[in-house]
Amino acid sequence: MTLPFPESAPDAEAIEAGRRLFAGESTFVKGVVAMDGLPPPDRLEVCFAGRSNVGKSTLINTLTGRRALARASNTPGRTQEINFFTLATSHYLVDLPGYGYAEAPVAVVERWQRLLRAYLAGRATLRRAFLLIDARHGVKPPDAEIMALLDRAAVPFQAVLTKADKVRQADLERTLARVRADLAPHPAAFPELVVTASETGQGLDRLRAVVATLE
Ligand SMILES: Nc1nc2c(ncn2[C@@H]2O[C@H](COP(=O)(O)OP(=O)(O)OP(=O)(O)O)[C@@H](O)[C@H]2O)c(=O)[nH]1
Ligand SMILES: [Mg+2]
């Protein structure tokens, strides 16, 4: 029996396409606080969603090889706007505010969450949402809520595990088995996942290849 949600295994050609795409220049465009501030939908767009502190901004930095393109921090709630970055001349990479961060003031959290949901459900050029899952924690209730929202909006999403360098292989296998089961009921879930570690570079070439082969 084939495993559901196997790890993405792009061929050499796709890996090379990913390398070439991400060798292109990447620049910050703008931070958006309301839907009417979104840049024109004139590029293929992918976004990075996930709980606060899961590693969204760090992943954008390591994918592009730019240490401080997106602001990353130990302090949860670091990214407070929808941040748009260009990639080469063809793509937008979008860094989203995290969710599930309990310590921000309620009014602030509600404002981010409304914007996050409006963006995820309403952006026509959004080709894929990467849903980042901490390899130490697996899928948490707020992740399941976002998955349900993406199902309803018919936005394809792909699970990307982060911080794989922080867990032992046996624990990673256990988490992966649970993540696969958690993804199974979601029609919008793309049938492959990617395991990454920004610290070691694990999985980055695969994720670049995934982005480069989107149409
Ligand atoms: N060891 C390890 N640490 C990581 C990895 N990815 C991120 N981190 C660390 O996790 C912390 C949070 O990373 P961020 O990229 O700021 O997380 P975020 O998801 O953008 O957080 P918010 O903007 O608050 O939603 C930072 O201290 C990173 O250095 C990884 O793959 N391995
Ligand atoms: Mg961030």
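As the structure is a prediction and not an experimental result, all values here were calculated from the model.

Draft legend 1. Representation of the site of ligand 1 in the model. Taken together, 22 residues sit near ligand 1, with Lys56, Thr58, Gly77, Asp165 and Ser198 positioned nearest. Contact distances for ligand 1 include 3.0 Å between an oxygen atom and a side-chain N or O atom of Ser57. Asn74 has a polar side-chain atom sitting 3.1 Å from an oxygen atom of ligand 1. When ligand 1 is considered free in solution it has 660 Å² of accessible area, and contact with the protein chains removes 90% of it. Looking at side-chain class alone, the shell around ligand 1 contains four nonpolar, eleven polar and seven charged residues.

Draft legend 2. Representation of the side chain of Ser26. When you line up the elements, Ser26 lands in strand S1 (residues 26-32). For Ser26, a relative accessible area of 3% gives the class buried. In this structure the side chain of Ser26 is engaged in a polar contact, spanning 2.7 Å, whose partner is the backbone oxygen of Thr86. Apart from residues lying up to four places away in sequence, Ser26 is in contact with Thr64, Arg66, Leu69, Phe85, Thr86, Leu87 and Leu93.

Draft legend 3. Summary view of the pairing of strand S5 (residues 126-134). Here S5 lies mainly inside the structure; eight of its nine residues are buried. For strand S2 (residues 44-50) and S5, the ladder comprises six bridges, and the chain directions are parallel. Bridge pairing in S5 places Glu45 opposite Leu126. Alignment of S5 against strand S6 (residues 157-162), held across six bridges, turns out to be parallel. If you follow Leu131 over to S6, its bridge partner there is Ala159.

Draft legend 4. Spotlight on the packing of helix H3 (residues 106-122) against helix H4 (residues 141-153). At a closest axis distance of 9 Å, the pairing of H3 and H4 adopts a crossing angle of 35 degrees. You can see that H3 and H4 cross each other, and the crossing is right-handed. Mapping the contact onto sequence places Leu116, Arg117, Leu120 and Ala121 in H3 and Glu145, Ile146, Leu149, Leu150 and Ala153 in H4. Taken together, the residues of the contact of H3 with H4 break down into seven nonpolar, no polar and two charged.

Draft legend 5. Seen up close, the sheet that holds strand S4 (residues 91-95). In space, the seven strands of this open sheet follow the order S1-S3-S4-S2-S5-S6-S7, with mixed pairing throughout. For this open sheet the edge positions go to S1 and strand S7 (194-195), each flanked by a neighbour on one side alone. Its contacts with the sheet place H4 against S5 and S6, and it is angled at close to 165 degrees to S5.

Draft legend 6. The packing of helix H1 (residues 12-23) against helix H6 (residues 204-212), seen in detail. Packing of H1 against H6 leaves a shortest axis separation of 7 Å and a crossing angle of 85 degrees. Judged by the inter-axis angle, H1 sits roughly perpendicular to H6. Contacts between H1 and H6 involve Ala14, Ile15, Ala17, Gly18, Leu21 and Phe22 from the former and Asp205, Arg206, Arg208, Ala209, Val211 and Ala212 from the latter. Class assignment for the residues of the contact of H1 with H6 results in eight nonpolar, one polar and three charged.

Draft legend 7. Broad picture of the packing of aromatic side chains. For the structure shown, the criterion picks out four aromatic pairs. Each ring, one from Phe84 and one from Tyr119, has its centre 6.3 Å from the other, and the planes form 85 degrees; the classification is edge-to-face. Residue Phe84 is located in strand S3 (residues 82-87), and its partner Tyr119 is located in helix H3; the two are separated by 35 residues in the primary sequence. Side by side, Phe84 and Tyr119 carry an identical accessibility label, which is buried. Within the aromatic cluster, the residues linked to one another by ring pairs are Phe84, Tyr92 and Tyr119. Geometry around Tyr92 places Arg43 over its ring, the cationic atom sitting 5.4 Å from the centre. The ring of Phe190 has Arg128 sitting right over it, with the charged end atom 3.8 Å from the ring centre.

Draft legend 8. Structural context of the pattern of salt bridges. Tallied over the full model, the rule gives eight salt bridges. Glu16 is the salt-bridge partner of Arg19, the closest N and O atoms lying 2.8 Å from each other. Of the two residues, Arg19 and Glu16 are both situated in helix H1; the distance of three residues between them amounts to about one turn of the helix. We classify Arg19 as partly exposed; its relative accessible area is 48%. The exposure class of Glu16 is partly exposed, given its relative accessible area of 29%. Asp171 serves as the salt-bridge partner of Arg168, at 3.2 Å between the closest nitrogen and oxygen. Through salt bridges with shared partners, one network takes in Glu16, Arg19 and Arg20.

Each value, and the rule that gives it
- Residues numbered from 1 in each chain as written.
- Chains lettered and ligands numbered in written order.
- Predicted model: local features only at pLDDT ≥ 70, side-chain atom pairs only at ≥ 80, totals over all residues.
- Heavy atoms only, no water.
- Near = heavy atom within 4 Å.
- Polar contact = N/O pair within 3.5 Å; in protein donor to acceptor, adjacent residues only side chain to side chain.
- Areas by Shrake-Rupley, 256 points an atom, 1.4 Å probe, with all protein chains shown as cover.
- Nonpolar A, V, L, I, M, F, W, Y, C, P; charged D, E, K, R; others polar.
- Helix = DSSP H or I, 4+ residues; strand = E, 2+ residues; numbered from the N terminus.
- Buried < 20%, exposed > 50% of the residue type's maximum accessible area, 1.4 Å probe, protein only.
- Contact = heavy atoms within 4.5 Å.
- Pairing = 2+ DSSP bridges.
- Axes fitted to C-alpha atoms, helices over the stretch in contact; angles between N-to-C directions.
- Left-handed = near helix turned anticlockwise from the far one by under 90°.
- Parallel < 35°, antiparallel > 145°, perpendicular 65-115°, else oblique.
- Phe/Tyr/Trp six-rings, centres within 6.5 Å; stacked < 30°, edge-to-face > 60°.
- Lys NZ or Arg CZ within 6 Å of the ring centre and 35° of its normal.
- Salt bridge = Lys/Arg side-chain N within 4 Å of Asp/Glu carboxyl O.

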